[in-house]
Amino acid sequence: MTRYGPARVVVAAVVLFGSAFVGARGVGPVPPVGPLLDPASGIWSVARQTAMPGEVVATIPTLEDEVRVVYDRRGVPHIWAKSIDDVMRALGYVVARDRLFQMELQTRAVAGRLTELVGPQALSVDREQRELGLARSADEIFDNLDPNSEVGRAVLGYAEGVNAWIEAMEPGDLPFEYHLLHAKPETWEPVYTAYLLKRMGYTLAYSRHELWRSDVERLIGEDAAAALFPANNPIQEPIQPNGLARPRLDFVEPPPPARTGVTIGQTARLPSATADPNHRAPVVALAWDGAAGRSMPGIGSNNWAVAPSRSASGNALLAGDPHLNLTLPSIWYEAHLVVPGEMDAYGVTIPGSPGIIIGFNRDAAWSMTNTGADVLDFYRERLDDPLTPTTYLVDGEWRRLGKTVEQYLDPSGAVIATDTMYQTHRGPLLRTESGSLSMRWTVLEETGATESLIAGSKAASVLEFFAATETFLAPAQNMIVADRQGNIGIRSTGRYPRRPAGEGWSVRDGTNSGEDWSGAWPIEQYPMAINPEQGFIASANQQPTDPQADGDYLGVNWPSPWRAVRINQLLRADSQVTPDAMRRYQTDPGNARADWFVPLFLEAARDLPAGGREPGDLTRAARLLGEWDRRYTKDNERAILFETAMDELADRTWDELVPPGDESRIATPGSAILAQLTAYPESAWWDLIASEERETRNDIFAASLEAALGIVEREYGPPDSGGWRWDAIRHENIWHLAGFQSLSALGVPVQGGPGNLNPSSGSGRHGASWRMVVELAPEVRAWATYPGGQSGNPVSEWYEDRIPQWADGELDEILFPRRADDLADTDVAARLTLITGER
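So, here is what we can say about the structure in this document. Predicted, not measured: the structure shown is a model, and the values here were computed from it. (Residues numbered from 1 in each chain as written. Predicted model: local features only at pLDDT ≥ 70, side-chain atom pairs only at ≥ 80, totals over all residues. Heavy atoms only, no water.)

1. Some points on the overall build of the chain
Tallying secondary structure elements over the chain gives 21 helices and 32 strands in all. Within the chain, the proportion of its 839 residues that are buried is 61%. Partitioning the contacts of the chain with sequence separation of at least 6, the portion at a separation of at least 24 is 73%. Counting only carbon and sulfur atoms, one obtains 49% of the accessible surface of the chain, whose full area is about 29,800 Å². (Helix = DSSP H or I, 4+ residues; strand = E, 2+ residues; numbered from the N terminus. Buried < 20%, exposed > 50% of the residue type's maximum accessible area, 1.4 Å probe, protein only. Contact = heavy atoms within 4.5 Å. Areas by Shrake-Rupley, 256 points an atom, 1.4 Å probe, with all protein chains shown as cover.)

Right under this line is the structure:
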């Protein structure tokens with residue numbers, strides 16, 4: 001398959017047939033060859049699924065009225081229905097037609113049932129998911145859902161649409177992955193929507209910071225650990241504007257490390273009690289894995305809005321680009337839902353979830369970034385028996401543990417493992433090498449996400465959107481919104497627990513009920529801004545509030561705010577912002593992190609030779625670095641030297657975080673903490689443990705830069721040989737969900753790097769999963785794209801058609817018709833009429 005453009009039938013068939021023999025790779029059993037090659041219903045039949053015929057009539061038995069669906073030239077379905085229930089039925093049908101295997105794969109991942117598709121190699125992944133109780137909590141919540149409520153009817157209607165497609169499929173319609181796995185699609189249960197939202201919460205709000213924090217404290221002492229992983233970022237550019245025209249530096253010298261002599265344990269590792277270390281993880285890439293909120297280096301999400309007073313047109317503007325794992329097919333599916341008089345919303349949905357999650361309507365636009373708030377606590381429990389417990393101790397009394405028995409099946413239906421899972425009143429009990437820990441986590445409770453997003457997509461103003469999303473409890477999100485009246489607003493929406501001690505960075509004492517949460521913040525206390533005086537608002541996963549204005553504990557170890565600093569620089573400098581400027585900002589090559597550290601490298605190189613040292617390669621390294629304009633363009637040839645120097649700098653500075661006898665750090669402070677440390681050039685942290693000399697800041701910067709030059713030249717050749725080009729080194733790698741390399745888009749060059757608004761993670765698996773710019777003019781206009789295409793069929797022209805423009809930072813102008821007949825014939829790819837009745 002070519003990197004871009006539709007896959008060709010012969011190539012795809014050969015690749016897929018070859019991929020059938022993947023038992024050695026661990027994807028699953030080898031299916032029978034005969035059915036696999038059947039031209040009518042085997043792998044070859046994917047060639048017949050490439051596009052919908054021009055005019056199609058299909059049946060959903062539960063429809064109340066006829067539904068019209070028009071697919072535009074980008075493969076986006078515009079759906080016109082006479083009720084919310086019917087529009088959700090139609091959405092379920094069209095999404096299932098394009099993304100059925102993706103829907104099932106992600107559902108099974110949440111339920112811990114991947115072994116049923118791919119065999120024992122998925123057992124460790126399934127065990128973790130079941131131990132966390134994501135599906136179990138979804139089942140409990142769904143049992144209490146009113147089926148007659150709007151959200152209940154929407155979820156049920158969506159499932160009816162999905163199942164209508166499944167039941168109507170001919171053998172040749174079966175997605176190719178089922179052929180490879182010798183499997184058939186499951187019936188889609190309404191509760192599976194809740195499963196997917198739980199998976200979203202797992203990705204965006206699951207953190208074990210208390211556990212590795214304990215190891216850090218034992219290694220360097222509590223005071224030093226608190227300074228390197230603080231509750232407040234030392235560079236303040238908060239989401240809720242604080243009235244300042246530039247970032248504030250709240251620098252304090254970190255106390256020196258205290259060598260405690262304590263052996264570091266394995267508390268950050270949470271294996272299932274019965275996990276088999278010989279089982280390998282499945283060759284499956286899940287769309288929600290590795291999202292912005294899980295402390296992945298170099299990634300993050302952005303959104304911002306501009307008031308009419310600072311836009312060239314006098315209209316409010318909004319931009320959003322959530323950064324998640326990049327997969328083919330994409331996590332997102334683009335759609336337009338119309339119910340005259342009730343809903344006219346366009347944007348993206350997650351396959352499996354009814355409604356538009358990020359998008360716009362005729363009056364308002366909205367997007368989200370991950371808040372990263374601390375919404376999970378671990379409790380160290382005392383059990384009556386560590387191996388086969390029945391009770392746990394609270395306030396001097398033994399309480400009975402909840403217990404469930406979990407069985408794991410292989411593709412044949414045989415039981416391959418059985419686990420016993422336990423629960424306290426707080427939540428799941430995790431059996432670790434250092435003891436038994438229970439967890440209280442907002443994601444395992446009612447989330448309110450589907451209800452909020454359906455209501456929010458009908459909001460006509462900022463205030464209406466905020467009112468509609470008050471019930472959105474997890475995962476906590478920075479929701480930004482703009483409307484046609486010219487209002488802009490942002491709120492960190494979620495459920496924030498009240499803790500007895502006010503902080504959540506330590507493992508709590510489970511034997512004391514006084515350590516339990518005492519409630520949640522009132523919504524009036526949430527970080528929020530509406531129409532701030534500065535005329536714009538922006539979030540990029542930074543700390544939401546200025547601690548000098550609001551000292552309440554919301555989280556810890558916030559991402560370094562370089563992206564927030566950069567977007568605020570751009571917005572402060574432009575009082576006539578245009579939609580195209582908003583688009584350019586999304587891949588802006590400027591970098592506040594480089595602006596901070598490059599001068600320090602150059603200063604160190606300039607000062608040290610004067611002290612009598614031999615300049616050697618240091619002078620040459622400084623000259624090469626000084627040639628860089630600090631912009632992460634594709635053709636620049638110096639960013640790699642800087643990034644390598646930053647890696648070397650971290651290795652030398654944080655050598656105290658390497659346990660004795662080990663070779664790697666147990667944790668790495670953010671680069672904002674490193675920036676803070678540069679203000680104290682004589683700090684003990686600059687001193688190398690392995691050296692007899694007392695190093696200072698300039699010593700470490702100079703040694704790091706000089707070492708970086710040697711590394712880069714050995715790996716990429718001389719500076720001007722072409723090997724240092726950024727687009728030859730850093731790429732995005734968009735993998736197929738099942739890990740098939742030939743069906744992936746690998747080595748995609750992009751503009752951006754660590755700390756950029758378009759960050760690059762290094763591995764290339766994460767990035768802007770959806771980019772959108774909206775102008776809230778009298779007639780709303782929007783531009784958007786995502787890295788992939790609407791179809792999950794690798795032979796379809798809509799499989800990866802958007803990747804080239806996404807890689808270049810370009811956006812498509814969105815077609816937003818009011819009526820089904822408003823689209824020109826040249827903009828229509830197909831028409832689908834859905835009717836009720838028996839098949």
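That was the structure; now back to the text.
2. Notes on the packing of aromatic side chains
Given two aromatic rings, one states the distance between the centres and the angle between the planes to describe the pair. One pass over the structure, following the stated rule, counts 28 aromatic pairs. In this structure, Arg-362 is placed above the aromatic ring of Phe-816, and the distance from its NZ or CZ to the ring centre is 3.6 Å. (Phe/Tyr/Trp six-rings, centres within 6.5 Å; stacked < 30°, edge-to-face > 60°. Lys NZ or Arg CZ within 6 Å of the ring centre and 35° of its normal.)

3. A look at the sheet that holds strand 31 (residues 812-813)
Within the open sheet, the six strands sit side by side as 25-6-7-29-30-31. Their pairing is antiparallel. Two strands bound the open sheet, and with one partner strand each, they are strand 25 (536-539) and strand 31. Relative to strand 31, strand 30 (residues 781-785) is paired through two bridges, and the arrangement is antiparallel. Following the sheet pairing, Ala-784 is matched in strand 31 by Asp-812. Sitting on the sheet, helix 14 (residues 562-572) is in contact with strand 6 (302-306) and strand 25, with an inclination near 160° to strand 25. (Pairing = 2+ DSSP bridges. Axes fitted to C-alpha atoms, helices over the stretch in contact; angles between N-to-C directions.)

4. What to know about the environment of Ile-60
Relative to the elements of secondary structure, Ile-60 occurs in the loop between strand 1 (55-59) and strand 2 (67-72). You can call Ile-60 buried: its relative accessible area is 0%. Sequence separation between Ile-60 and Asp-86 is 26 residues, and the spatial gap between their C-alpha atoms is 9.5 Å.

5. Some points on the pattern of salt bridges
Going through the model one piece at a time under the given rule, you end up with 56 salt bridges. Here Asp-588 makes a salt bridge to Arg-566, at a shortest N to O gap of 2.7 Å. Here Asp-588, found in the loop between helix 15 (579-586) and helix 16 (592-607), pairs with Arg-566, found in helix 14; they are 22 residues apart in sequence, far enough to count as distant. A salt bridge links Glu-627 to Arg-623; the shortest N-O distance between them is 3.2 Å. Among the residues examined, Arg-623 registers a relative accessible area of 46% and is labelled partly exposed. One salt-bridge network, in which partners are shared between bridges, spans Glu-104, Arg-108, Arg-113, Glu-116 and Glu-186. (Salt bridge = Lys/Arg side-chain N within 4 Å of Asp/Glu carboxyl O.)

6. Comments concerning the sheet that holds strand 18 (residues 415-423)
Taken together, six strands build an open sheet; the order of strands is 17-18-19-20-14-23 and the sheet is mixed. Both edges of this open sheet fall to strand 17 (402-409) and strand 23 (508-509), since each of them pairs with a single strand only. Of the pairings in the sheet, the one linking strand 18 to strand 19 (residues 428-432) comprises two bridges and is antiparallel in character. Residue pairing for strand 19: Tyr-422 is matched across the bridge by Leu-429.

7. Topic: the side chain of Asn-698
As for its position among the elements, Asn-698 is in helix 20 (residues 697-716). With relative accessibility at 13%, the residue Asn-698 sits in the buried group. There is a polar contact of 3.5 Å between the side chain of Asn-698 and the side chain of Arg-697. (Polar contact = N/O pair within 3.5 Å; in protein donor to acceptor, adjacent residues only side chain to side chain.)

8. Re the environment of Gln-102
If you trace the backbone, Gln-102 turns up in helix 3 (residues 84-111). The spatial distance from the C-alpha of Gln-102 to the C-alpha of Ile-331 is 8.7 Å, given a sequence separation of 229 residues.

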